[in-house]
Amino acid sequence: MEGEGEIGLQGDHREPGWQAHNREEGDESRSGRANNVEGVGLGSDHDNNEDQEPPRKKYHRHTTQQIHALESFFKEFPHPSEEQRNELGAKLGLESRQIKFWFQNRRTQMKTQSERYENVILKQEHNRIRVENEMLKEATRNPLCTNCGSLVAMSGGGGINFEIERLRLENAQLKDEFNKICMLASRFLGRPFSSLSPSDGEGTSTSPPPPMAAGMVGIRGIPFDKNVFVELAVAAMDILMKLAQPNTPLWIRTSDGGKEVLNREEYLRVFPPCFGIQPNGFVFEASRQSGVVLINSLALVETLMDSKRWAEMFPCMIAGAGIIDIISRGADGTKDGTLQLMYAEVQVLTPFVPVRQLKFIRFCKQHTEGLWSVVDVSIDINREGTNAACRRLPSGCIVQDLPNHCSQVTWIEHSEYDESVIQYLCRPLVRSGWGFGAWRWFANLQRQCECLSILMSTAEIAEHPSGIGPDGRKSFLKLAQRMMYNFSSGVCVSSLRKWDKLCVEGVPEDLRVLTRKSRNDPGEPTGIVLSAATSIWLPTTKQRLFDFLSNQRMRNHWDILLMDRQMQGIAHIFKGHDAGNCVSILRYDGGNPADDPIILLQETQNDVSGSLVVYTPLDLHSVNMVMGGADSSMVVVLPSGFAIHPDGHTCHGPTSNYNEESNFNETAGGCLLTVGFQILINNQPNNNISVESVETVSKLITCTIQKINTAIQET
């Protein structure tokens with residue numbers, strides 16, 4: 001790509017096209033052929049044996065350690081100097097000439113891999129247009145009437161009928177579209193190449209059109225040519241790579257100096273409105289975040305291109321995701337060049353922000369070894385009359401490998417959305433980028449990768465007097481994962497889990513009440529489950545509120561069930577270096593020794609974008625069963641808890657769409673608290689819900705919020 005070396009993710013310029021999967025032929029270098037030829041004599045003996053077959057040349061076979069060292073050095077210095085070759089050769093026991101040939105072969109492989117995929121795409125397009133051209137020639141030789149199907153005689157002046165003229169015009173339009181794709185591809189690949197003419201070569205292609213050019217994809221009943229997706233993906237990738245370049249006027253710092261937001265005027269000047277104009281009533285949000293993440297580029301790319309793994313990486317952000325169609329598969333079994341049509345439901349854990357339902361294409365590209373990019377763009381971004389509440393403009397991430405299995409990630413989010421569907425309380429949160437922006441995606445990615453690294457390590461990660469074995473930890477983590485999903489689905493209404501909205505007189509308007517009926521589903525209680533959630537603004541920092549709610553010794557200040565007693569921590573499974581990220585088992589023994597103890601499974605999550613404190617009651621039998629490593633899918637969970645977000649007022653940049661109409665309580669250090677409870681109010685699914693049950697839950701949430709607010713002001 002043009003300006004690729006200016007991305008600045010890892011200092012050196014690199015030649016494009018090197019694939020991540022190295023071939024084994026690199027293990028056998030053909031360097032130093034003259035030095036490794038054995039059995040070739042000199043003088044008369046050689047002349048006398050001139051008719052004999054010369055001995056086969058033997059090549060030096062590098063050891064695994066040598067190959068590993070050469071590849072590691074190649075990542076940093078693909079063009080080593082003579083001094084570097086001598087130094088590396090002395091270290092590995094190889095001659096400088098062998099080092100030189102090895103690096104030449106590796107660079108050649110890189111260039112070959114880059115050109116292979118380009119040739120496949122262009123050849124497919126070439127074959128498609130050749131087939132259409134042959135069809136046009138056949139129609140010219142035997143023109144048919146479009147009404148009756150009979151042959152049409154040529155005009156006396158040597159002209160042809162209007163149908164053939166129409167076909168010629170259509171063919172010319174197809175050529176123009178293909179040339180346009182070639183021009184976009186040239187910009188994307190960073191070097192020009194001429195488009196292939198349908199008339200090149202002799203003969204007629206009888207092969208069917210390639211998958212990339214054949215067929216249509218139906219979205220909302222509207223047919224889409226897959227070539228439109230290809231053109232859209234290439235243009236989006238070009239914009240993403242330019243947005244990722246450092247020190248560009250496209251990005252400016254926020255007022256607090258720590259975040260990057262889009263310079264809207266510069267963006268519109270550099271990029272014409274190729275993705276359509278901003279719909280009336282829509283506002284934009286665009287942010288960028290860069291940093292080091294504990295995951296290699298290939299693993300992250302594989303996760304992003306797999307809808308299930310992608311949703312598991314961002315469990316509280318993605319309510320659900322899936323792949324609608326794979327438009328193009330990667331080259332040589334890799335994700336390089338993969339283009340797929342996807343859907344996703346993205347959420348902020350508050351009932352005041354609707355879930356974003358998105359349909360988009362996701363395009364993956366490998367630029368050099370260890371340097372990948374993945375871009376998303378909404379498929380209906382250029383279509384008029386769409387009723388989507390959000391348009392996802394070119395967004396995604398650029399990932400470059402670093403030592404120690406880490407990678408440098410630049411995450412970019414750019415969207416336009418209908419702000420009228422969001423309550424005033426949460427509008428600054430979404431505008432600031434802490435709701436759906438790059439800062440939240442990046443913070444969740446860092447935390448999740450750190451969690452996976454810790455859980456996969458061999459170090460002991462549980463604290464328990466008698467110890468929790470690996471099977472017990474795994475069972476508890478799966479149970480906690482299901483608990484978090486159920487909590488999110490009760491706070492945010494998505495299409496993936498059916499809830500019925502309940503309207504009851506006397507219940508505050510800002511309290512959303514949902515119900516669902518469960519009938520003997522695994523892990524679900526039998527009866528009617530009621531979910532109630534609301535959000536409020538509190539004059540305290542996010543971190544201070546999280547420390548208060550996650551502190552088990554302070555729990556009796558807000559938990560009505562505890563009264564004046566305290567919880568005890570039985571076990572903790574840590575999911576991060578920060579003690580605030582863990583799964584805990586808490587126990588409370590009541591005042592009456594005959595009563596069963598109250599046991600809670602609780603998970604806490606904390607990063608700069610937000611915090612969670614979610615818990616569910618468990619019976620003693622379930623705890624002992626899960627602790628022993630048994631399957632936890634049958635354990636009933638009814639989660640309740642809290643989600644904490646920055647209020648967004650301290651993160652507005654000069655380009656923000658900030659509206660003074662929603663400027664309420666603008667005090668430094670404020671945060672948004674979402675409270676959500678799920679309760680089984682009737683164990684008979686066919687019974688009706690009483691008004692008293694709804695009022696009881698409403699009072700429970702109101703009382704809890706009052707206790708939290710009072711305790712925060714007193715401490």
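Within each chain, residues carry numbers counting from 1 in the order of the written sequence. Local features in this predicted model are restricted to residues of pLDDT 70 or higher, and side-chain atom pairs are both shown and tallied only at a pLDDT of 80 or more, whereas totals for entire chains, interfaces and linings draw on every residue. Think of the side-chain values as coming from all heavy atoms in the structure, minus any hydrogens and water.

## So, the overall build of the protein chain
Strands are runs of DSSP state E lasting at least two residues, helices are runs of H or I lasting at least four, and both sets are numbered from the N terminus onward. Looking only at helices and strands, the protein chain features 16 helices and 22 strands. Across the 715 residues of the protein chain, 51% fall into the buried class. Within the protein chain, contacts between residues at least 6 apart in sequence are counted, and of these 69% link residues at least 24 apart. When the accessible surface of the protein chain is totalled, it reaches about 34600 Å², and 50% of it is carbon and sulfur. Working definition: with a 1.4 Å probe on protein chains only, accessible area under 20% of the residue-type maximum means buried, over 50% means exposed, and in between means partly exposed. Residue contacts are defined here by distance: any two heavy atoms, one from each residue, within 4.5 Å place the two residues in contact. Residue burial considers only the protein chains on display, and all accessible areas are found by Shrake-Rupley using a 1.4 Å probe.

## Looking at the pairing of strand β8 (residues 356-368)
Where a strand is regular, its side chains alternate between the two sheet faces. The buried count for β8 comes to 11 of 13 residues, which makes it a mostly enclosed element. DSSP-based pairing: two strands are paired if at least 2 bridges between them are found. Sheet analysis places strand β7 (residues 339-346) next to β8, joined by eight bridges and oriented antiparallel. Note on β8: the bridge partner recorded for Q340 is R362. Where β8 lies against strand β9 (residues 371-378), eight bridges are found, and the strand directions are antiparallel. In the strand pairing of β9, Q366 is matched with W372. In this antiparallel pair of consecutive strands, β8 and β9, the connection spans two residues, and G370 shows a positive phi of 80°.

## Some remarks on the nonpolar core
Membership of the largest hydrophobic core comes to 47 residues, with the highest contact counts inside it found for W310, F314, I318, V409, W411, W441 and L445. Counting residues per element, this core draws most heavily on helix α12 (residues 438-456), which supplies six residues. Buried Ala, Val, Leu, Ile, Met, Phe, Trp, Tyr and Cys residues form a nonpolar core when they are joined through side-chain atoms within 4.5 Å. Residues M567, V613, Y615 and I712 belong to the second largest nonpolar core, which totals 33 residues.

## With respect to the packing of helix α3 (residues 64-76) against helix α4 (residues 82-92)
Put simply, α3 and α4 touch, their axes get as near as 11 Å, and they point 155° apart. Between α3 and α4, the interaxial angle falls into the category roughly antiparallel. The handedness of the crossing between α3 and α4 comes out as right-handed. From α3, Q66, A69, L70 and F73 reach across to α4, where they touch Q84, L88 and L92. Ten residue types, Ala, Val, Leu, Ile, Met, Phe, Trp, Tyr, Cys and Pro, are classed as nonpolar, four, Asp, Glu, Lys and Arg, as charged, and the remainder, Gly among them, as polar. For the contact of α3 with α4, the residue count by class is five nonpolar, two polar and no charged. Note on method: axes are straight lines fitted to C-alpha atoms, helices fitted across the in-contact stretch only, with angles between N-to-C directions ranging 0 to 180 degrees. Here the angle decides the label: under 35 degrees means roughly parallel, over 145 means roughly antiparallel, 65 to 115 means roughly perpendicular, and every other value means oblique. Working rule for handedness: look at the near helix, and if it is turned counterclockwise from the far one by less than a right angle, call the crossing left-handed; if clockwise, right-handed.

## Examining unusual backbone geometry
Excluding glycine, residues mostly carry a negative phi; peptide bonds, for their part, are mostly trans. With a phi angle near 60°, N404 is a residue other than glycine that sits in the positive phi range. Among the structural elements, N404 can be located in the loop between β11 (395-402) and β12 (406-418). Classification of N404 by relative accessible area gives exposed; the value is 66%.

## Examining the layout of surface pockets
Within this model, the largest pocket holds a volume of roughly 1300 Å³. Here the term cavity refers to a set of points on a 1 Å grid, laid over the protein atoms alone, in which a 1.4 Å probe fits but cannot get out; the term pocket refers to an open set having protein on both sides within 12 Å along at least five of seven lines, with lining residues being those that place an atom within 4 Å of a point. Along the wall of the largest pocket there are 42 residues; nearest its centre are E312, Q448, L452, L455 and Q481. Residue assignment for the lining of the largest pocket shows that the elements contributing at least two residues are α9 (297-305), α10 (307-313), β6 (318-328), α12, α13 (470-491) and β19 (598-607). At nine residues, the largest contribution of residues to the lining of the largest pocket is made by α13. Among the residues making up the lining of the largest pocket, the classes are represented as 22 nonpolar, 11 polar and nine charged. Grid points are joined across faces, edges and corners, and a volume is the space filled by probe spheres set on the points.

## Thoughts on the side chain of T338
Topologically, T338 is positioned in the loop between β6 and β7. Overall, the relative accessible area of 5% leaves T338 in the buried class. Pairing of N or O atoms within 3.5 Å defines a polar contact, subject to two protein rules: one partner must be a possible hydrogen donor and the other a possible acceptor, and residues neighboring in sequence count only if both atoms are side-chain atoms. In terms of polar contacts, T338 uses its side chain to reach the backbone amide nitrogen of G330, at 3.1 Å. Leave out the neighbours within four places in its chain, and T338 touches M305, S328, R329, G330, R362, F363 and C364.

## Some thoughts on helix α16 (residues 691-714)
In this analysis, the expected span of each helix is defined as 1.5 Å times one less than the number of residues it contains. With 24 residues, α16 should cover 34 Å at 1.5 Å per step; its first-to-last C-alpha distance of 35 Å lies within 8% of that length. Considered for burial, the residues of α16 that qualify are S693, V694, V697, S698, I701, T704, I705, I708, A711 and I712. Those residues of α16 that are buried are in contact with β14 (500-502), β15 (512-518), β16 (527-538), α14 (542-550), β21 (640-646) and β22 (671-682).

## Concerning the environment of C316
Structurally, the position occupied by C316 is in the loop between α10 and β6. For C316, a relative accessible area of 6% translates into the label buried. Residues C316 and N444, 128 residues apart in the sequence, show an inter-C-alpha distance of 9.1 Å. Look past the residues within four positions of C316 in its chain and what remains in contact with it is Q347, L349, R440, M484, S488, Q605 and L612.

## Here we look at the pairing of β22
Across the 12 residues of β22, nine count as buried, placing the element largely inside the fold. With six bridges joining them, β21 and β22 adopt antiparallel strand pairing. In the strand pairing of β22, I644 is matched with L673.

## Notes on the packing of α13 against helix α15 (residues 620-627)
Close contact between α13 and α15 brings their axes to 7 Å; oriented N to C, the two are set at 125°. With respect to each other, α13 and α15 are oriented oblique. Where α13 approaches α15, its residues G472, S475, F476 and L479 are matched on the opposing element by V623, V626 and M627. Grouping the constituent residues of the contact of α13 with α15 by class yields five nonpolar, two polar and no charged.

## Here we look at the confidence of the model for the protein chain
A residue's pLDDT is simply how confident the predictor is in it, with values from 0 to 100. Mean pLDDT over the protein chain: 77, with 73% of residues reaching 70 or higher. Under a pLDDT of 50 for its full length, residues 1-50 has, in the predicted model, 112 contacts with residues more than four places off or in other chains.

## Overview of α13
Taking 1.5 Å per residue as the helical rise, α13 with its 22 residues ought to reach 32 Å, and the 32 Å between its terminal C-alpha atoms agrees with that figure. Along α13, 16 of the 22 residues are buried, which leaves the element largely enclosed by surrounding structure.

## A closer look at the packing of aromatic side chains
For Phe, Tyr and Trp, rings pair up if their centres lie within 6.5 Å, where Trp contributes its six-membered ring, and each pair is then called stacked (planes under 30 degrees apart), edge-to-face (over 60) or tilted (otherwise). Applying the stated criterion across every chain, the model contains 14 aromatic pairs. On the basis of an interplanar angle of 90° and a centroid distance of 6.2 Å, the ring pair of F73 and F103 is categorised as edge-to-face. On the criterion of sequence distance, the pair formed by F73 in helix α3 and F103 in helix α5 (residues 96-141) is long-range, its members being 30 residues apart. Of the aromatic side chains, those joined through ring pairs into one cluster are F73, F74, F77, W102 and F103. Geometrically, a charge over a ring is one whose NZ (Lys) or CZ (Arg) sits within 6 Å of the ring centre while staying within 35 degrees of the ring normal. Residue placement shows R264 over the ring face of F284; its charged tip is 4.6 Å from the ring centre.

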